[in-house]
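A look at the structure
This is what each chain is made of:
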Amino acid sequence: QQQVKQSPQSLIVQKGGIPIINCAYENTAFDYFPWYQQFPGKGPALLIAIRPDVSEKKEGRFTISFNKSAKQFSLHIMDSQPGDSATYFCAAALGSGNTGKLIFGQGTTLQVKP
Amino acid sequence: DAGVTQSPTHLIKTRGQHVTLRCSPISGHKSVSWYQQVLGQGPQFIFQYYEKEERGRGNFPDRFSARQFPNYSSELNVNALLLGDSALYLCASSFVGALYEQYFGPGTRLTVT
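The sections below set out a description of the structure shown in this document. (Residues numbered from 1 in each chain as written. Chains lettered and ligands numbered in written order. Predicted model: local features only at pLDDT ≥ 70, side-chain atom pairs only at ≥ 80, totals over all residues. Heavy atoms only, no water.)

Focus on the pattern of salt bridges
Residue and element names in this part refer to chain A. Enumeration over the complete set of coordinates arrives at 11 salt bridges over all chains. The partner of Lys 71 in a salt bridge is Glu 26, and the shortest N-O contact between them spans 3.7 Å. Linking Lys 71 in the loop between strand E7 (62-67) and strand E8 (72-77) with Glu 26 in the loop between strand E3 (20-25) and strand E4 (33-38), this pair joins segments that are 45 residues apart in sequence. Across the salt bridge formed by Arg 61 and Asp 84, the nearest N and O atoms sit 2.8 Å from each other. Of this pair, Arg 61 sits in the loop between strand E6 (56-59) and E7 while Asp 84 sits in the loop between E8 and strand E9 (86-93), placing them 23 residues apart in sequence. Residue class for Arg 61 comes out partly exposed when judged on its relative accessible area of 29%. Accessibility expressed as a relative area gives 4% for Asp 84, which makes it buried. (Salt bridge = Lys/Arg side-chain N within 4 Å of Asp/Glu carboxyl O. Helix = DSSP H or I, 4+ residues; strand = E, 2+ residues; numbered from the N terminus. Buried < 20%, exposed > 50% of the residue type's maximum accessible area, 1.4 Å probe, protein only.)

Written out as structure tokens, the structure reads:
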């Protein structure tokens, strides 16, 4: 119940394409869902996050879609660029609790070809 | 503004040795969390501290310990190192009012030989 399952493991798109990364969770107590971007040799950087009371959130070229009934959420990267090539992690947390434990997915390695 | 800083950047230790990793949070953040990231996997939660007390602990053996100092910086200690402890150790900081909104440092790459 504490797992977050992420797919696909890897993804290759052409520049300008819209890669989509999916995550699923079981624990309905989770109420905060962030996405992180990680470049080789760096720590994860917080990209965008969503709460279950919102079905979609956009920040720049990044969009999270959230389906509460299906317990799934996804990241879309609009007009992808070679600089977006990185590993992306979804995560989940009990946002209203007194702990900030983040449960991460396994990660998706994205390659954007020029 | 300075982000989360961690030291050292890289570390090589021998099995059985002890290691101490250090973390300084973003200015204004009073909570620090530690994660272990094995190559090819997502980060795994180890500890969370705020107000100098342990507030959460992941599924790690007692060889792992941590503490937080009055200036909110933190140390992660690992005793009796095993080969399997080789990983990137990440520190994240957050406001106490938003513990889940975590900002990560660059990590310390620990290699155990």
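Next, the rest of the story.
Overview of the sheet that holds strand E1 (residues 4-7) of chain A
Residue and element names in this part refer to chain A. Spatially, E1-E3-E8-E7-E6 is the arrangement adopted by the 5 strands of the open sheet, whose pairing is antiparallel. Since the sheet does not close on itself, it has two edges, and those belong to E1 and E6, each with one partner. Taking the axes of each pair of neighbouring strands and ignoring which way they run, one obtains an average angle of 15° across the sheet. Of the strand pairs in this sheet, E3 and E8 are connected by 5 bridges, and their pairing is antiparallel. Bridge assignment links Cys 23 to a residue of E8, and that residue is Phe 73. (Pairing = 2+ DSSP bridges. Axes fitted to C-alpha atoms, helices over the stretch in contact; angles between N-to-C directions.)

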